[in-house]
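# Structure assessment
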Amino acid sequence: MSETLNLDWGKLPFGYIKTDYNVRCYYRSGKWGELEISSSERIDLHMASISLHYGQQAFEGMKAFMGKDGKIRLFRWEENCKRMQSSADGILMPQVPEELFHEAILKAIKLNKKYVPPYASGASLYLRPLLFGSGYGVGVKPADEYMFIVFVTPVGPYFKEGFKPVNMLLVHNFDRAAPLGTGNIKVGGNYAAGLKAMKVAKELGCANVIFLDSKEKKYIDECGPANFFGIKNNTYITPESPSILPSITNKSLEIIAKHLGYKVERRKVPLEELETFEEVGACGTAAVISPIGKIIDYETKKEFVYSKDGNPGKISTELYNALIAVQTGDKPDEFGWVEFVD
Ligand SMILES: *Cc1c(COP(=O)(O)O)cnc(C)c1O
């Protein structure tokens, strides 16, 4: 067994902790160069770089887990790679080829093995691939140089006090993304657009915000940086919308839900349907599922209560446990979602 650091893994935040190495690759003169290993946390960037001024930037987020068997497991990385390629297409950046993406994430994990949290600590190694226009200019046009970086950082369990429901603020007066805009790709600009709404939510004691579709304001769109789902009549229902970021966690939960015998629907979810759900939640890599105990409508002050006893719903819990079991290797990987890192 390789050396592991002596950190208080269970108390780690979802934050940044310095590791030993990151990997980088430049795209110059129309082609990708060699993957480089760096021990610096800094990048040397031109002050007129297109990414800084015109937002040509995309990122990914994924996790690696230590299993009981001492093997490191990487969850559905091909999906993250495809999504980063689609983000690149959306804002005219070159795609990172699958082999390069794969090599970069494996290298970043292997070089920082001692930062992979131990089995059953609830913590994991978070991987952050980042692609941006490093080339400079003042006129608006795609950059002529790009940089692809992968860094890793150990992150603690999302729920420090266990798997517990949170409150969410439903907003009518903020939009995160437009139907034909960049909502469906993972670019930083969407996050900047959501910060104000998030601040309002936090001030009102909510974990995050639920956005409505920005065109008609009739349908549930996204849950801040996570996808939304509702459960009723043994059916897992998640919104269909052109401005939603396709969450890999959500896709995985849909497959698991079917596997466990539930029905799955991906369709428009009208605002009025909120009161009919038995359970609702937000899903994404960071928490897998954040069960929602209460939704507060910021305009009408109406409250939708899903958890009266402070506990998550039965089906949300079942789905959560099933997905975590695949990620950590507690259950056999029947779906072919896990790759071992040796
Ligand atoms: C990354 C992200 C998600 C979650 O996607 P996962 O692949 O499940 O981590 C959901 N919504 C937004 C806006 C995101 O950026």
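Residues numbered from 1 in each chain as written. Predicted model: local features only at pLDDT ≥ 70, side-chain atom pairs only at ≥ 80, totals over all residues. Heavy atoms only, no water.

## Some points on the pairing of strand 10 (residues 208-211)
Filter applied, for reference: Two strands qualify as a pair provided DSSP detects at least 2 bridges between them. We count a stretch as a helix when DSSP gives it H or I for four or more residues in a row; a strand needs E for two or more, and each element gets its number in order from the N terminus. Handedness of a crossover is defined as follows: with both strands directed away from the viewer, a clockwise route from the first strand across the helix to the second makes it right-handed.
Pairing analysis gives four bridges linking strand 9 (residues 166-171) to strand 10, with the strands arranged parallel. Paired with Val 171 across the bridge in strand 10 is Phe 211. Crossover handedness for the path strand 9 to helix 4 (residues 188-203) to strand 10: right-handed.

## Observations regarding the domain arrangement of the protein
Quick reminder of the rule: Note that the domain bounds reflect an automated or database-derived domain assignment. For this analysis, residues touch if any pair of their heavy atoms sits within 4.5 Å. By definition, the buried area sums, over both parts, the 1.4 Å-probe accessible area that each loses when the two are put together. Salt bridge, as used here, is a side-chain nitrogen of Lys or Arg placed within 4 Å of a carboxyl oxygen of Asp or Glu.
Taken domain by domain, the protein holds domain 1 (2-155) and domain 2 (166-328). Summarising the inter-unit geometry, the C-alpha centres of domain 1 and domain 2 are found 26 Å apart. On the domain 2 side, the residues contacting the 24 residues of domain 1 number 19 residues. A combined buried area of about 1700 Å² lies between domain 1 and domain 2, and 64% of that area is made up of carbon and sulfur atoms. Summed over the three residues of domain 1 that lose the most area to domain 2, namely Phe 59, Phe 75 and Arg 83, the buried surface amounts to 35% of that side. At the boundary of domain 1 with domain 2, the tally comes to one salt bridge.

## With respect to the nonpolar core
As a reminder of what qualifies: Definition of nonpolar core: a set of buried residues of the types Ala, Val, Leu, Ile, Met, Phe, Trp, Tyr and Cys, connected through side-chain atoms within 4.5 Å. Here the term buried applies to any residue with accessible area under 20% of the maximum for its type, exposed to any over 50%, and partly exposed to those in between, with areas from a 1.4 Å probe on protein chains only.
By size, the foremost hydrophobic cluster in this structure holds 39 residues, and its most contacted members are Leu 74, Phe 101, Ile 109, Leu 131 and Phe 148. Put simply, the parts of the chain that give this core at least two residues each are strand 1 (22-28), strand 5 (62-66), strand 6 (72-75), helix 2 (77-90), helix 3 (98-110), strand 7 (124-133) and strand 8 (146-155). Counting residues per element, this core draws most heavily on helix 3, which supplies seven residues. Leave out the neighbours within four places in its chain, and Phe 148 touches Val 23, Arg 24, Cys 25, Trp 32, Met 84, Val 96, Leu 100, Phe 101, Ala 104, Pro 129, Leu 130 and Leu 131. In terms of nonpolar packing, the next biggest core, distinct from the first, is built from 21 residues, Phe 159, Leu 319, Leu 323 and Trp 337 among them.

## Digging into the packing of helix 5 (residues 248-259) against helix 6 (residues 314-328)
We apply this condition: Lines fitted to the C-alpha atoms define the axes, with helices restricted to the stretch that makes contact. Angles between their N-to-C directions range from 0 to 180 degrees. Roughly parallel means an angle under 35 degrees; roughly antiparallel, over 145; roughly perpendicular, 65 to 115; everything else is oblique. For this scheme, ten residues count as nonpolar: Ala, Val, Leu, Ile, Met, Phe, Trp, Tyr, Cys and Pro. Four count as charged, namely Asp, Glu, Lys and Arg, and the remainder, Gly too, count as polar.
In contact at an axis separation of 10 Å, helix 5 and helix 6 are set at 105° when each is read in the N-to-C sense. It follows from the interaxial angle that helix 5 and helix 6 lie roughly perpendicular. From helix 5, Thr 249, Ser 252, Leu 253, Ile 256 and Ala 257 reach across to helix 6, where they touch Leu 319, Ala 322 and Leu 323. Across the contact of helix 5 with helix 6, the residue classes break down as six nonpolar, two polar and no charged.

## What about the site of the ligand?
The following threshold applies: Near, as used in this document, describes a residue that has one of its heavy atoms within 4 Å of the molecule or strand being considered. A 3.5 Å cut-off defines polar contacts: any pair of N or O atoms within that distance qualifies, except that in protein one atom must be a possible hydrogen donor and the other a possible acceptor, and neighbouring residues in sequence count only when both atoms are side-chain atoms. To be clear on the numbers: accessible area is Shrake-Rupley with a 1.4 Å probe, and residue cover counts the displayed protein chains and nothing else.
If you check the shell around the ligand, you find 15 residues, and the closest are Lys 186, Tyr 191, Ser 247, Thr 249 and Thr 285. Separating an oxygen atom of the ligand from a side-chain N or O atom of Arg 83 is a distance of 2.8 Å. Note that an oxygen atom of the ligand is positioned 2.7 Å from one of the side-chain N or O atoms of Lys 186. Bound to the protein, the ligand loses 96% of the 380 Å² it would expose on its own. Within the shell around the ligand, the residues separate by chemical class into five nonpolar, six polar and four charged.

## Observations concerning the pairing of strand 15 (residues 288-297)
Of all ten residues making up strand 15, nine are buried, and the element is well covered by its neighbours. Across five bridges, the pairing between strand 9 and strand 15 is parallel. By the bridge assignment, Met 168 is partnered in strand 15 with Ile 295. Both strand 14 (residues 279-284) and strand 15 contribute to a ladder of five bridges, which runs antiparallel. What sits directly across from Ala 282, in strand 15, is Ser 290. Between strand 14 and strand 15, which pair antiparallel in sequence order, lie three residues. The loop that links strand 15 with its antiparallel partner strand 16 (residues 303-305) comprises five residues; one of these, Lys 301, has a positive phi angle of about 65°.

## Describing unusual backbone geometry
In this structure, Val 288 is a non-glycine residue whose phi angle is positive, near 65°. By the element assignment, Val 288 lies in strand 15.

## Details of the packing of aromatic side chains
Here is the rule: Stacked, tilted and edge-to-face pairs are distinguished by plane angle, under 30 degrees for stacked and over 60 for edge-to-face with tilted covering the rest, among Phe, Tyr and Trp rings (Trp via its six-membered ring) whose centres lie within 6.5 Å. Our definition puts a charge over a ring when NZ of Lys or CZ of Arg is within 6 Å of the ring centre and also within 35 degrees of the ring normal.
The final tally for this structure, using the stated rule, is 13 aromatic pairs. Ring geometry for Phe 229 against Tyr 236: centres 5.0 Å apart, planes inclined by 20°, an arrangement best described as stacked. Judged by its relative accessible area of 0%, Phe 229 is buried. Ring geometry for Phe 335 versus Trp 337: centroids 4.3 Å apart, planes at 20°, classification stacked. Of the residues examined, Phe 335 reaches a relative accessible area of 23% and is grouped as partly exposed. By relative accessible area, Trp 337 is classed as buried at 7%. Here the aromatic cluster, defined as three or more aromatic residues joined through ring pairs, consists of Tyr 27, Trp 32, Trp 77, Phe 101, Tyr 146 and Phe 148. Above the ring of Phe 340, the side-chain terminus of Lys 71 is found at 5.0 Å from the ring centroid. Stacked on the ring of Phe 277, the Lys or Arg Lys 232 has its end atom at 5.4 Å from the ring centre.

## Topic: helix 2
Stated formally: The span one expects for a helix is its residue count, reduced by one, times 1.5 Å.
Along its 14 residues, helix 2 runs 20 Å from first to last C-alpha, staying within 8% of the 20 Å computed at 1.5 Å per residue. Positive phi shows up at Leu 92, right after helix 2, with a value of about 55°.

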